[in-house]
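Structural characterization, general
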Amino acid sequence: MLLKNYTSHILAFSKCLILSFFIVLTACKTETPHERTIERGKIADSIMVVSAREEASRIGAEIMRKGGNAFDALIAVDMALNVAYPFAGSLGGGGFMVYRKANGEVGSIDYREKAPIAATHDMYLDAEGNPVDSLSRQGPLAVGVPGSIAGMFAIHEKLGSLPMAEILQPVIELAENGYQITDNQLARFQYYASVFDKVNEKETLYSIGFRESDSTKIKSGDLVKNPQLAETLKRIAANGKQEFYEGETAQKLVEFIQNHGGIITLDDLKSYEAVWRKPIISNYKNLRVIGMPPPSSGGVCLAEILKMIEPYDLKSFGHNSVKSIQVITEAERRAYADRSFFLGDPDFNDIPIDSLTSKDYAVKRMTNFSFDKATPSSEVKHGVISGYESMETTHFSLIDQYGNAVALTTTLNGAYGSKLYVDELGFFLNNEMDDFSVKPGEPNMFGLIGAEANKIEPQKRMLSSMTPTIVEKEGKLWMTVGTPGGSTIITSVLQTILNVAVFDYGMQEAVDAPRFHHQWLPDVVTFEPDAFGKELLDTLSNKGYEIRQENSVILGKVDGVLVLPDGSLEGGADRRGDDTAVGF
Ligand code: GLY
């Protein structure tokens, strides 16, 4: 019932947002060679940040205006989201970043959470061997060892240009002076306030004033200050990475987790390292796609799906037409079946990335596809590779005045992660342990099924769907893009790229366009409600596709930047959230 109320609230807000988006959009119209009129989003000359919160986008853009580069700015944006977007801001979580430097050099960093040293493969099973979902989703045992601060310092050391203290200063001021609560945030805090009290066994910053029983209520537009987080950030600015992993902050964090019954120790924190990884590079027509490698499944699945759909002329089929939806859905089905079997932490598994993303393999995978009827997922297993044994996240995209581009997706996993709020430090802790395959064959909170490759092992990274992606066109930077949305992340990024590359959409139009999703199991195609015609859905249904229409919130909030032919930048900030593009 509560969930229903919350859902209708969010839907109402989404509708308002869609409406106000169309009213306030200061569109600049451009004719494409195909005579399609593009309604463009925010346009800027040389600097653009698109993130889930205006405060964060503005802080990042100002860092670049002061001469900082994209990497300085990403640290400021990421940390500002901790203040203004605690829903997913991830000091207590982890993430991935893909970059492309102005000179064309590309790379990626993995600062995904890890299982604690004391984790065991059966830690979420009851005496009969059945998963106890609540343990991996809420409270102390759900928490993976956080990686965000290690990631930010590794990025700063390798690619940053301004001192860390200067980067963090505006974020500290935001935490001290407060950020404005939006309608969307108010609805979410009101919904979760009683859950925070229950999980934390006391009231928290994000329950007081949000509960029905509170006499003084926080309203939309009110300022929320977080002095505890400001103090944590000041210590990190002064003492560096070791403050979070070995210093006073580490001591307080471990004490807090253990007092609540968790198993993370100082050794877990001390041994955490972010890892630079080689991105997944693939080609789709004249595009070169630079994606995140495992432990994200994003880069591999995106490359695999693009290869499977490349032979089909989607443009002649039409945008979101029956035939386009069929081709994309069937490719998604097959890629997610492979995800479930082959993918996991590359430090623990040998993953056949080259085979999975090859053209030959893609052709073989699609041989049993027919436009006449759906291929049931029960008939789709993972592919055969010879020699092989075996809600909530947030994304931001930015480009700086030097030509460096960044795509960064960061997460606590579910909304406010485990719901455990470290009051003395001012942030929520993740529930990323649910991204492991708690029991091979059993679905996680996104309905994803995993196998041995993603089983729980001490110090292993759990498989992710986060898909921060950079795309080049004819050798030049063209787009940076990504989204939250759990298992739907990969398919939302895919559709956004195709909207621009194949259907001539602008960046803003591409992120706003209606989306659909298939993930092999459960065998359903999820459509955004009220966005696809009855006739189209009936036709698909008659061909054997099971149709579900879902709350738009779960189909992501894509944020992207597109480089236009004249070199200016178009920001696309998803209408489904409070996402904002700021550029100069
Ligand atoms: N926690 C969502 C993901 O990493 O896919």
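Cut-offs and rules
Residues numbered from 1 in each chain as written. Predicted model: local features only at pLDDT ≥ 70, side-chain atom pairs only at ≥ 80, totals over all residues. Heavy atoms only, no water. Helix = DSSP H or I, 4+ residues; strand = E, 2+ residues; numbered from the N terminus. Buried < 20%, exposed > 50% of the residue type's maximum accessible area, 1.4 Å probe, protein only. Areas by Shrake-Rupley, 256 points an atom, 1.4 Å probe, with all protein chains shown as cover. Near = heavy atom within 4 Å. Polar contact = N/O pair within 3.5 Å; in protein donor to acceptor, adjacent residues only side chain to side chain. Nonpolar A, V, L, I, M, F, W, Y, C, P; charged D, E, K, R; others polar. Expected span 1.5 Å × (residues − 1). Salt bridge = Lys/Arg side-chain N within 4 Å of Asp/Glu carboxyl O. UniProt positions renumbered as here; feature names shortened; annotations may be inferred. Contact = heavy atoms within 4.5 Å. Pairing = 2+ DSSP bridges. Axes fitted to C-alpha atoms, helices over the stretch in contact; angles between N-to-C directions.

Our focus in this paragraph is the overall build of the protein chain. Looking only at helices and strands, the protein chain features 19 helices and 23 strands. The principal-axis extents of the C-alpha atoms in the protein chain amount to approximately 60 × 60 × 50 Å. Taking all 584 residues of the protein chain together, 62% fall into the buried category. Surface summary for the protein chain: the accessible area is close to 21100 Å², and the carbon and sulfur share equals 51%.

A word on the site of the ligand. Taken together, R112, T393, T411, N413, E432, D435, S464, S465 and M466 make up the full set of residues adjacent to the ligand. R112 has a polar side-chain atom sitting 3.0 Å from an oxygen atom of the ligand. In the model, a nitrogen atom of the ligand is placed 2.7 Å from a nitrogen or oxygen of the N413 side chain. Protein coverage of the free-state accessible area of the ligand, which is 200 Å², stands at 99%. Along the lines of polarity and charge, the residues of the shell around the ligand split into one nonpolar, five polar and three charged.

An α-helix turns once per 3.6 residues; consequently, residues spaced three or four apart project the same way. For helix 3 (residues 70-84), built from 15 residues, the straight-helix expectation of 21 Å at 1.5 Å per residue is met to within 8% by its first-to-last C-alpha distance of 20 Å. The buried fraction of helix 3 amounts to 15 of the 15 residues, a majority that puts the element mostly inside the structure. For helix 3, the N-terminal cap is N69; the gap from its side-chain oxygen to the backbone nitrogen of F71 is 2.9 Å.

Below, the discussion takes up the pattern of salt bridges. Under the counting rule described, the total for this entry stands at 41 salt bridges. Connected via shared salt-bridge partners are R235, E243, E248, K252 and E424.

In this section: the UniProt feature "binding site: L-glutamate" (unreviewed entry) in the protein chain. Here, UniProt's "binding site: L-glutamate" (unreviewed entry) annotation points to R112, T411, L412, N413, D435, S464, S465 and G486. Within the secondary structure layout, R112 lies in the loop between strand 6 (106-111) and helix 4 (133-137). Look at R112 and you get buried, because its relative accessible area is 0%. When sequence neighbours within four positions are dropped, the list of residues in contact with R112 reads G95, F96, Y272, P295, T411, E432, D435, R461, M462, L463, S464 and M466. At 3.2 Å, the side chain of R112 forms a polar contact with the side chain of E432. Within the secondary structure, T411 sits in strand 13 (residues 405-411). Take T411: its relative accessible area is 1%, and that puts it in the buried class. Aside from chain neighbours lying at most four places away, what touches T411 is A88, S90, G93, G94, R112, E113, E392, T393, E432 and M466.

Take S492: it is sitting in helix 17 (residues 489-501). Among all residues touching S492, those that are not within four sequence positions of it are T483, R515, L555 and V558.

What follows concerns the sheet that holds strand 19 (residues 525-527). The mixed open sheet is built from three strands, whose spatial order is 18-19-20. Edge strands, defined here as strands with exactly one partner in the open sheet, are strand 18 (516-517) and strand 20 (547-549). The pairing of strand 18 with strand 19 spans two bridges and is classified as antiparallel. For F516, the partnering residue across the bridge sits in strand 19 and is F527. Where helix 19 (residues 534-542) meets the sheet, it contacts strand 19 and strand 20, and its direction lies at approximately 145° from that of strand 20.

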